[in-house]
Amino acid sequence: MYISDSIKYIGVNDHKIDLFEGQYVVPNGISYNSYAIIDEKIAIMDTVDVNFLDEWFANIQAALGDRKPDYLVVLHMEPDHSSSIAEFVKAFPKAQIVSSAKAFAMMKNFFGTDFAEKQILAGENSTLSLGKHNLTF
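Let me begin by describing the structure that accompanies this report. (Residues numbered from 1 in each chain as written. Predicted model: local features only at pLDDT ≥ 70, side-chain atom pairs only at ≥ 80, totals over all residues. Heavy atoms only, no water.)

**Looking at the packing of aromatic side chains**
Using the criterion set out here, one finds 8 aromatic pairs in the structure. Taking 6.2 Å as the distance between ring centres and 85° as the angle between the ring planes, the aromatic pair formed by F110 and F111 counts as edge-to-face. Cluster of aromatic residues (ring-pair linked, three or more members): W56, F57, F88 and F92. (Phe/Tyr/Trp six-rings, centres within 6.5 Å; stacked < 30°, edge-to-face > 60°.)

**Overview of the nonpolar core**
The biggest cluster of nonpolar side chains holds 28 residues, and the ones touching the most others in it are I44, W56, I85, I97 and M107. For this core, the elements supplying multiple residues, two or more each, are β5 (30-32), β6 (35-38), β7 (42-45), α1 (53-64), α3 (85-91) and α4 (101-111). Considering every element that reaches this core, the biggest residue donor is α1, with 4 residues. Beyond its immediate stretch of four places on either side in the chain, I85 contacts T47, L72, V74, M77, I97, M107, F111 and F115. Within the second largest apolar cluster, 10 residues are counted, among which are A43, Y71, L130 and L135. (Core = buried A, V, L, I, M, F, W, Y, C linked by side-chain atoms within 4.5 Å. Buried < 20%, exposed > 50% of the residue type's maximum accessible area, 1.4 Å probe, protein only. Helix = DSSP H or I, 4+ residues; strand = E, 2+ residues; numbered from the N terminus. Contact = heavy atoms within 4.5 Å.)

**Some words on α4**
Buried residues of α4: A103, F104 and M107, and no others. All buried residues of α4 project into a common sector of 100° when viewed along the axis, lining one side. With respect to the buried face of α4, the exposed residues turned more than 90 degrees away are A101, K102 and N109. Residues of α4 that are buried sit in contact with α3, β9 (96-99) and β10 (119-121). (Arc of directions from axis to C-beta.)

**Notes on the side chain of S34**
Tracing the sequence through the fold places S34 in the loop between β5 and β6. Engagement of the side chain of S34 in a polar contact is seen with the side chain of W56, the distance being 3.0 Å. What S34 contacts, discounting residues up to four positions off in sequence, is K8, Y9, I10, G11, I44, M45, D46, T47, V48 and W56. (Polar contact = N/O pair within 3.5 Å; in protein donor to acceptor, adjacent residues only side chain to side chain.)

**Digging into the pattern of salt bridges**
Enumeration according to the criterion identifies 1 salt bridge in this entry. Across the salt bridge formed by K90 and E87, the nearest N and O atoms sit 3.2 Å from each other. Pair noted here: K90 and E87 are both in helix α3, with a separation of 3 residues, about one helical turn. Its relative accessible area of 61% is what places K90 among the exposed residues. Residue E87 is classed as partly exposed on the basis of its relative accessible area of 28%. (Salt bridge = Lys/Arg side-chain N within 4 Å of Asp/Glu carboxyl O.)

**A closer look at the sheet that holds β9**
With respect to topology, 6 strands assemble into an open sheet ordered β1-β6-β7-β8-β9-β10, the strand pairing being mixed. Each edge of the sheet is formed by a strand with only one pairing partner; in this case those strands are β1 (7-9) and β10. The average undirected angle you get between the axes of adjacent strands in this sheet is 25°. Pairing analysis gives 4 bridges linking β6 to β7, with the strands arranged antiparallel. What sits directly across from A36, in β7, is I44. Along the sheet, α4 makes contact with β9 and β10, crossing β9 at roughly 120°. (Pairing = 2+ DSSP bridges. Axes fitted to C-alpha atoms, helices over the stretch in contact; angles between N-to-C directions.)

Coordinates in, geometry out; function isn't part of it.
Structural data, given as structure tokens:
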């Protein structure tokens, strides 16, 4: 899916799942949406279900080539969209994680760590400059 030259869709599709949220029939499956914003700095927006980690990493590689992400922006902590955070940190150890205080607390519960040394707290109306792209939280 083409978004723009600097924003790439890197998500994956799950055609095996039959129920969304364990209760809604999804005959065509669901998608785990993730995006790469490529600028002077690179931000990856959300992760995917850990069962699709290899495909997601391949999508990141295809979008970035030899470059590495600077940031992982975690927009929400539902496990089907956040379960790959720890694996992302292992694969890209220099990347920082941008999220809310509540999300970092949830990471501590999910992964046994809140990645304190990598945290950038996204408070209300805070911004993150990637170069030409500026993210506002």
